[in-house]
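# Breakdown of the fold
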Amino acid sequence: MTHAFDRQYWDQIWRGDRAQAMAASQANPHLVREVGDLPPGTALEAGCGAGAEAIWLATRGWQVTAVDITAAALSHAAGRATAAGVNGKVRWVEADLSTWQPPSRYDLVTTHYAHPAMPQLDFYDRIASWVAPGGTLLIVGHLHHHDQNSTAGHGHGHGHGGTEPPASASVTAADITGRLDPAGWEIVTAQQSHRSITGPGGQTVAVHDVVVRARRRH
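Below is a summary of the structure that appears in this document. Here the residue numbers are simple positions, counted from 1 along each chain's written sequence. Local features in this predicted model are restricted to residues of pLDDT 70 or higher, and side-chain atom pairs are both shown and tallied only at a pLDDT of 80 or more, whereas totals for entire chains, interfaces and linings draw on every residue. Side-chain numbers here rest on the full set of heavy atoms in the structure, without hydrogens or water.

### So, the side chain of H208
- Numbering of helices and strands runs from the N terminus; a helix is a DSSP stretch of H or I covering at least four residues, while a strand is a stretch of E covering at least two. Mapped onto the fold, H208 is located in strand β8 (residues 204-216).
- When its relative accessible area of 15% is taken as the criterion, H208 is described as buried.
- A 3.5 Å cut-off defines polar contacts: any pair of N or O atoms within that distance qualifies, except that in protein one atom must be a possible hydrogen donor and the other a possible acceptor, and neighbouring residues in sequence count only when both atoms are side-chain atoms. A polar contact is formed between the side chain of H208 and the side chain of H194, at a distance of 2.7 Å. Each residue's exposure class comes from its accessible area (1.4 Å probe, protein chains only) as a fraction of the maximum for that residue type: buried when under 20%, exposed when over 50%, partly exposed otherwise.

See below:
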């Protein structure tokens, strides 16, 4: 199965029957673990969906720019931010991450399962360039693994119609770290995670994640 991952695709996802469940998702546990000890500053979330991670960062003092390609997702996100009392700490931007350019670099750049209409590793290269010197890059993505028949990676806010995301949207930790020049980056975390969550309808869903956290040296 192939996906264009363009605006039409994501608009369809966020206006579909899974949108309400996706919009109720909580902040990714990898973000909570990896970023909880960092001093707050400026943050960019690339592919924010319904805003759970952006809102979590804002409640902890970060000034967040949250970008997504579809207005439907951002509408959910803004409503949740208002309910949490942090809408003034989040700038919501509707944009295509394959072409959008940020106005500045950030102390933290993070993404959770986002895949725009460009090769996955090229996307990670692109967002890595937006990290300020001394700043942190945190990538949480779909792990590329041998079992392509599982329902891995769902329940996190970016649905794929109940099927495994295509191989082109999944990577390994080595794929990502291999793109980060050791002269410019310190790898803090590079792991492949397997966990279970409760998905829509109460069923248990296996989630296979890749998590890379790196600090820009200069």
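### Digging into empty space enclosed by the protein
- Computed over the protein atoms alone on a 1 Å grid, cavities are sets of points where a 1.4 Å probe fits but cannot get out and pockets are open sets with protein on both sides within 12 Å along at least five of seven lines; a residue lines them when it has an atom within 4 Å of a point. Grid points are joined across faces, edges and corners, and a volume is the space filled by probe spheres set on the points. Per the counting criterion, the structure on display carries two cavities of 30 Å³ or more.
- In this structure, the second largest cavity spans a volume of roughly 30 Å³.
- If you go around the second largest cavity, the residues you meet are L121, Y124, D125, A128, L137, I139, I176, R179 and L180.
- When residues of the lining of the second largest cavity are assigned to their parent elements, the largest contribution, four residues, is made by helix α6 (residues 120-128).
- Its residues assigned to classes, the lining of the second largest cavity comprises seven nonpolar, no polar and two charged. Amino acid classes used here: Ala, Val, Leu, Ile, Met, Phe, Trp, Tyr, Cys and Pro are nonpolar; Asp, Glu, Lys and Arg are charged; the rest, including Gly, are polar.

### Quick notes on helix α5 (residues 71-84)
- Residue count minus one, scaled by 1.5 Å, sets the expected span of a helix. With 14 residues, α5 extends 20 Å between its outermost C-alpha atoms, agreeing within 8% with the 20 Å of an ideal straight helix rising 1.5 Å per residue.
- For α5, the side-chain oxygen to backbone nitrogen distance between the N-cap and A72 is 3.3 Å, and the N-cap itself is T70.
- Phi turns positive one or two residues past the end of α5, at G85, with a value near 75 degrees.

### Here's the deal with the pairing of strand β1 (residues 42-46)
- With four of five residues buried, β1 lies mostly within the body of the structure.
- Two strands are said to pair when DSSP picks up at least two bridges between them. Across five bridges, β1 lies against strand β2 (residues 63-68) in parallel orientation. Bridge assignment links L44 to a residue of β2, and that residue is T65.
- Crossovers are marked right-handed if the path from the first strand over the helix to the second runs clockwise, as seen with the strands pointing away from the viewer. In this fold, the crossover linking β1 to β2 by way of helix α4 (residues 52-59) has right-handed handedness.
- Taken together, the three bridges between β1 and strand β4 (residues 106-112) define a ladder with parallel strand orientation. Counterpart to E45 in the pairing with β4 is T110.

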